[in-house]
Amino acid sequence: MVEPAFNPRIQVLSDHVANKIAAGEVVDRPASVLKELIENAIDARATQIDVKIGGGGKRLISIADNGHGMDRDNALLAVERHATSKISDVDDIERVATLGFRGEALAAIASVSRFTLTTRPQHLDAGTELHITGGKMSDVKEVGCPVGTSFQIRNLFFNVPARRKFLRSDQTELTHLRQMFLVYALSHPEVGMTFHVEDRPVYTLAAGASLLDRLGELFGNDYTRNVREVNEDRGQIRLTGYAGMPHVQRADRSEQFIFINGRPASAPLIGYALNEAYHTFVPKGRFPSVFLFLTMDPEWVDVNVHPTKKEVRFRHPDAVRDIVIAGLRRVLNPGEAPAETHSQPEAPSAVPAAPTLRLRIEDLPALPMFNYPRITPRQEDEPPPAASPRASVEGPVDTENVPKAPWSWCRVLGQVGGLYVVMETSDGLVLMDPHAAHERLMFERFMKRLLERSLRSQGLLTPETIEMTPADAAIVRKQLPLLQSMGFGLSDFGGDSFMLDAMPDFLGAASGQSVVFAIAQTLEQGGERGGTERWAEERIAKAACRAAVKANDKLTLQEIEQLVIDLAAADMPYTCPHGRPTLIFMGFKELDRKFGRTL
Ligand code: ADP
Ligand code: MG
């Protein structure tokens, strides 16, 4: 029996086949096609980019720009593999300022779609149109067209069924396309951009915008009230942009936009730094919104680790990490470091901005109203200040320093569910979780005193002996000096027991045992070390405050009012130190909308 000849032959792949294979690296779905084409338009210095999508990008991706365009020869060259006008030597990669440089995108896209390129440079009257189908040029002709370049990508992956099979539903692909569009709309607010889906306009973004304008256009002007400007300059490296306040959080990272030297990028390191900066404000598994631009010497970043250039490496990772943490902390926690920049202090209105009261209930008993004292100096014609005289205390009114107060006046209306406090404020209805609020205040007080070294420790009436598991005891023993420096009069009693005879004074009547247990538990979960110097202290303070607040199950109206006043003055009033919200807002606008009263 004769075996069939097995005769492998090494072949040099034709360009056509090589392109198709390479295409898989550069483009894997409609959104990555869009990415490459928008980048090219930006590199061509377009000031207007118009995108149209049909059938989730599988049927059509169309993009038109008013950039510098190409003449016939360059257009023909542009669709060749490794044809680029942007670098000519390997060394240039280190210094690339353009978004593209590998010269593979157009060739790749053209090899897996029905591709049309129409382009004209300023100095020529006629434009060029190329048709390529699955990598084969089918037509080149002269056409009349505006200056600039447009691409029509139809039937993506029509000739690569394996890949086409992996595309998701139109809706899902559209979500990715839209996210990609957002990325570039944010990185280049100066470029006018439109996004049409099945001929319906989804975004129409004006040219020449600032980043804040663009945020407003994309997410609504209300949104921009919830972000703070970040600006941290370390000479060699700079961080700018906007950071969302912690209550603007999502279940995924889709509102985290990071740009490195103008290029959208990700690096595990940055995710870590964000986490570190927000960890006392945002709970695990929730993600703050950030729009951050890192600028540094191009030689400090390696963008060439990945064909789609998304993940970067840093030459000085520590510097990057530090500036991100410091820049964010400065705006999130102005108590920690003086903040220099606030995007737009929400100017507190001096007089309670009378919500357009359209109906008055005549015989409703008047409820006491009190002003948040640090914001509003009491006005003559205002309602009397609160049942609580403490409401109008406090020293000089520092109007410079109040951009973060959540309201300019408010009154407590009552309580629901045996827990939540209902309030009316200048802007609407607010619900407060008094436990979360209390935890936040206690935590801030704790950290502040720790930083100022003004912690006072208060002796317990009866010292407690605390028995622990061997594992917990080992953890507590290790941190004993730190705990002692934080005001816990804790001493090793031998075996697995400790003696507690004092606690930081403002922890109140909390049971020492529950506080120490909570601390042991959090230290155990936290691992050995964290990113910031104060990491261990913060964890301990968080756990202690939570345990202390739990013990506190009765509050008087006066105490609630004081809580409201103090909370408004807190560095970060919106969330408890574990990141749960302290306040839920329902603005008058939102109420109007819900009641169908949109004006
Ligand atoms: P790269 O962007 O890496 O250079 P591409 O394959 O994306 O590679 O593009 C190849 C070349 O085609 C670019 O270097 C550029 O000269 C030209 N080009 C692509 N898109 C445009 C455009 N929208 N306007 C003008 N020139 C373009
Ligand atoms: Mg490109």
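Residues numbered from 1 in each chain as written. Chains lettered and ligands numbered in written order. Predicted model: local features only at pLDDT ≥ 70, side-chain atom pairs only at ≥ 80, totals over all residues. Heavy atoms only, no water.

Engineer: Explain the overall build of the protein residue by residue, including any values.
Structural biologist: Of the regular secondary structure elements, the protein holds 17 helices and 25 strands. For the protein, the proportion of its 599 residues judged to be buried stands at 49%. A fraction of 69% describes how many contacts in the protein between residues 6 or more apart in sequence connect residues 24 or more apart. (Helix = DSSP H or I, 4+ residues; strand = E, 2+ residues; numbered from the N terminus. Buried < 20%, exposed > 50% of the residue type's maximum accessible area, 1.4 Å probe, protein only. Contact = heavy atoms within 4.5 Å.)

Engineer: So, the pattern of salt bridges: which residues are in play, and what are the values?
Structural biologist: Taken as a whole and judged by the stated rule, the model has 23 salt bridges. Residue E129 pairs with K141 through a salt bridge whose shortest N-O separation is 3.9 Å. A residue pair is termed long-range when its members are at least 10 positions apart, and E129 in strand β4 (residues 127-133) and K141 in strand β5 (residues 136-143) qualify at 12 residues. Given the relative accessible area of 14%, E129 is considered buried. For K141, a relative accessible area of 36% corresponds to the partly exposed category. Here the salt bridges share partners, and the residues they tie into one network are D433, E439, R546 and R580. (Salt bridge = Lys/Arg side-chain N within 4 Å of Asp/Glu carboxyl O.)

Engineer: Go over helix α15 (residues 535-550) with me, naming the residues and quoting the values.
Structural biologist: Taking 1.5 Å of rise per residue, 16 residues should cover 22 Å, and α15 covers 23 Å from first to last C-alpha, within 8% of that figure. With 14 of its 16 residues buried, α15 lies for the most part within the structure. (Expected span 1.5 Å × (residues − 1).)

Engineer: Lay out the environment of N333 with the relevant residues and their values.
Structural biologist: Within the fold, N333 resides in the loop between α10 (317-332) and β18 (370-371). It is 6.7 Å that separates the C-alpha atoms of N333 and M572, two residues lying 239 residues apart in sequence. Leave out the neighbours within four places in its chain, and N333 touches F281 and D571.

Engineer: Describe the packing of helix α11 (residues 434-452) against α15, listing the residues and the values that go with them.
Structural biologist: The description of two helices packed together rests on the angle between their axes and the distance between the axes. Where α11 meets α15, the axes come as close as 9 Å, and the angle between the chain directions of the two elements is 140°. With respect to α15, the axis of α11 lies oblique. α15 is crossed by α11, and the crossing has right-handed handedness. Contact residues: α11 offers H435, H438, E439, M442, F443, F446, M447 and L450, while α15 offers E537, E538, A541, K542, A544, C545, R546, A548 and V549. Of the residues belonging to the contact of α11 with α15, the class tally is 10 nonpolar, 2 polar and 5 charged. (Axes fitted to C-alpha atoms, helices over the stretch in contact; angles between N-to-C directions. Parallel < 35°, antiparallel > 145°, perpendicular 65-115°, else oblique. Left-handed = near helix turned anticlockwise from the far one by under 90°. Nonpolar A, V, L, I, M, F, W, Y, C, P; charged D, E, K, R; others polar.)

Engineer: Break down the packing of aromatic side chains for me, citing the residues and quoting the values.
Structural biologist: Applying the stated criterion across every chain yields a total of 11 aromatic pairs. Taken together, a centroid distance of 5.6 Å and an interplanar angle of 10° make the contact between F257 and F291 stacked. On the criterion of sequence distance, the pair formed by F257 in strand β12 (residues 256-260) and F291 in strand β15 (residues 290-296) is long-range, its members being 34 residues apart. A relative accessible area of 0% places F291 in the buried class. Here F259 and F293 contribute two aromatic rings whose centre-to-centre distance is 4.7 Å and whose plane-to-plane angle is 25°, an arrangement assigned as stacked. Of the two residues, F259 is situated in strand β12 and F293 in strand β15; the sequence distance between them amounts to 34 residues. A single burial state applies to F259 and to F293, both of which are buried. Taken together, the ring pairs in this structure connect F219, Y223, F257 and F291 into an aromatic cluster. The aromatic ring of F158 is capped on one face by R114, whose charged end is 4.1 Å from the ring centroid. (Phe/Tyr/Trp six-rings, centres within 6.5 Å; stacked < 30°, edge-to-face > 60°. Lys NZ or Arg CZ within 6 Å of the ring centre and 35° of its normal.)

Engineer: Before we move on, can you summarise the packing of helix α6 (residues 170-187) against helix α7 (residues 211-219) with the specific residues and values?
Structural biologist: Where α6 meets α7, the closest approach of the two axes is 9 Å, and the angle between their N-to-C directions is 150°. As judged from the angle between their axes, α6 and α7 are roughly antiparallel. Here L182, A185 and L186 of α6 come into contact with α7, specifically with L211, R214, L215 and L218. Residue classes in the contact of α6 with α7 are distributed as 6 nonpolar, no polar and 1 charged.

Engineer: Kindly report on the environment of G216, identifying the contributing residues and their values.
Structural biologist: Note on placement: G216 falls in helix α7. Ignoring anything within four residues of it in the chain, the contact list for G216 reads N221 and T224.

Engineer: How would you explain the pairing of strand β19 (residues 409-416) if you had to name every residue and give the values?
Structural biologist: Relative to strand β20 (residues 420-425), β19 runs antiparallel, the two being bridged by 6 bridges. Pairing of C410 across the sheet is with T425, part of β20. Remark: 3 residues form the turn of the hairpin made by β19 and β20, two consecutive strands paired antiparallel; G417 in that turn has positive phi of roughly 65°. (Pairing = 2+ DSSP bridges.)

Engineer: An account of the sheet that holds strand β6 (residues 148-154) is needed here, citing residue identities and associated values.
Structural biologist: Taken together, 8 strands build an open sheet; the order of strands is β5-β4-β3-β6-β2-β1-β7-β8 and the sheet is mixed. The sheet terminates laterally at β5 and β8 (200-205), the two strands that pair on one side only. Ignoring which end each strand starts from, the neighbouring axes of this sheet average 10° apart. As judged from the 5 bridges shared by strand β7 (residues 192-197) and β8, these two strands associate in the antiparallel manner. Pairing of V197 across the sheet is with R200, part of β8. The sheet strands contacting α6 are β1 (48-54), β7 and β8, and the helix crosses β7 at an angle near 175°. Here α7 sits on the sheet in contact with β7 and β8, set at roughly 160° to β8.

Engineer: I'd like a rundown of the confidence of the model for the protein, residues and numbers included.
Structural biologist: Residue-level pLDDT values for the protein average 81, and 77% of them are 70 or greater. Below pLDDT 50 for its whole length, residues 337-357 participates in 36 contacts with residues either more than four positions away or in separate chains. This model gives residues 371-403 a pLDDT under 50, and the stretch forms 68 contacts once residues within four places in sequence are excluded. (pLDDT = per-residue confidence, 0-100.)

Engineer: Tell me about the sheet that holds strand β22 (residues 457-467), and name the residues and values.
Structural biologist: Strand order across the open sheet formed by 3 strands is β22-β24-β23, with antiparallel pairing between neighbours. The sheet is open, and its two borders are formed by β22 and β23 (489-492), each paired with just one other strand. Neighbouring strand axes in the sheet, compared pairwise and without regard to direction, differ in orientation by 20° on average. Pairing analysis gives 4 bridges linking β23 to strand β24 (residues 497-504), with the strands arranged antiparallel.

Engineer: Which residues make up the nonpolar core, and what values do they have?
Structural biologist: One finds I49, F115 and F181 to be the most contacted residues of the largest nonpolar core, which totals 61 residues. It is α6 that provides the largest number of residues to this core, a total of 9 residues. Residues lining this core come from more than one domain, with at least three contributed by each of domain 1 (15-205) and domain 2 (226-332). The contact partners of F181, leaving out residues within four places of it in the chain, are L34, I38, V51, M193, T194, F195, Y203 and L205. Counting residues in hydrophobic clusters, the runner-up holds 50 residues, among them L239, F314, M423 and L563. (Core = buried A, V, L, I, M, F, W, Y, C linked by side-chain atoms within 4.5 Å. Domains from an automatic or database assignment.)

Engineer: Please give an account of unusual backbone geometry that cites residues and values.
Structural biologist: The phi dihedral of R45 falls on the positive side, at around 60°, and the residue is not glycine. Inspection of the secondary structure assignment puts R45 in the loop between α2 (30-43) and β1. The phi dihedral of D199 falls on the positive side, at around 70°, and the residue is not glycine. With respect to the helices and strands, D199 occurs in the loop between β7 and β8. Classification of D199 by relative accessible area gives exposed; the value is 66%.

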